[in-house]
Amino acid sequence: MRGTNAAQPRCVALQGTLGVAAHCGIYARRPSVCREVEPSWEFGRISPQCDKARLAHGLPVLTPQDWLEPYDTDEPPLPQAA
Ligand code: SF4
């Protein structure tokens, strides 16, 4: 999360271009504070922190339609490809 307190916050672990193709470069080792933020609708509910972050970067909030139905109902849905 280094870099997230800057005037224009951007975590040094963030790879790629927001709104185009971006991902966490340390996803498997990301800090607990990052693990606690759910993407909106991944688990069937809104995430105010996710919505706030997306809006701060000029991105639309996620909707249930942004997620694919799981093949296995025991698994969470997957994000659709852009
Ligand atoms: S999830 Fe990864 S890229 Fe996002 S703030 Fe946490 S460490 Fe940085």
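Residues numbered from 1 in each chain as written. Predicted model: local features only at pLDDT ≥ 70, side-chain atom pairs only at ≥ 80, totals over all residues. Heavy atoms only, no water.

Visitor: Just to check I follow, could you spell out the overall build of the protein for this structure?
Guide: The secondary structure content of the protein amounts to 2 helices and 4 strands. Helices and strands appear in the protein in the N-to-C order β-β-α-α-β-β. Within the protein, the proportion of its 82 residues that are buried is 15%. Long-range pairs, those at least 24 residues apart, make up 18% of the contacts in the protein with a sequence separation of at least 6. Only carbon and sulfur atoms are counted for the fraction: they give 56% of the accessible area of the protein, which is about 6600 Å². (Helix = DSSP H or I, 4+ residues; strand = E, 2+ residues; numbered from the N terminus. Buried < 20%, exposed > 50% of the residue type's maximum accessible area, 1.4 Å probe, protein only. Contact = heavy atoms within 4.5 Å. Areas by Shrake-Rupley, 256 points an atom, 1.4 Å probe, with all protein chains shown as cover.)

Visitor: Would you take a moment to explain the pattern of salt bridges for this structure?
Guide: Between side chains of opposite charge, pairing is possible as soon as their charged atoms come close. Tallied over the full model, the rule gives 1 salt bridge. The salt bridge involving Arg45 is made with Glu38; its shortest N-O contact spans 2.7 Å. Residue Arg45 is classed as partly exposed on the basis of its relative accessible area of 45%. (Salt bridge = Lys/Arg side-chain N within 4 Å of Asp/Glu carboxyl O.)

Visitor: Teacher, can you tell me more about the packing of aromatic side chains here?
Guide: What describes a pair of aromatic rings is the distance from one ring centre to the other and the angle between the planes of the rings. Summed over all chains, the structure comprises 0 aromatic pairs. Above the plane of the ring of Tyr27 lies Arg30, whose end atom (NZ or CZ) is 3.8 Å from the centre. (Phe/Tyr/Trp six-rings, centres within 6.5 Å; stacked < 30°, edge-to-face > 60°. Lys NZ or Arg CZ within 6 Å of the ring centre and 35° of its normal.)

Visitor: Could you clarify how one ought to interpret the site of the ligand in this entry?
Guide: Taken together, 8 residues are adjacent to the ligand, and Cys11, Leu14, Cys24, Pro31 and Cys34 come closest. Residue classes in the shell around the ligand are distributed as 8 nonpolar, no polar and no charged. (Near = heavy atom within 4 Å. Nonpolar A, V, L, I, M, F, W, Y, C, P; charged D, E, K, R; others polar.)

Visitor: Looking at this structure, I do not really get unusual backbone geometry. What am I missing?
Guide: Excluding glycine, a negative phi dihedral is what most residues carry, and trans is how most peptide bonds are arranged. Although it is not a glycine, Trp41 adopts a positive phi angle of roughly 75°. Secondary-structure assignment places Trp41 in the loop between α1 (32–35) and α2 (48–56). For Trp41, a relative accessible area of 26% puts it in the partly exposed group.

Visitor: Quick question: what am I supposed to make of the pairing of strand β2 (residues 21–24) here?
Guide: Note: strand β1 (residues 14–17) against β2, 4 bridges, orientation antiparallel. Counted as the bridge partner of Thr17 is Ala21 from β2. Two successive antiparallel strands, β1 and β2, enclose a turn made up of 3 residues, where Gly19 displays a positive phi of approximately 85°. (Pairing = 2+ DSSP bridges.)

Note that every value here comes from positions in space, so none of it alone points to a role or purpose.
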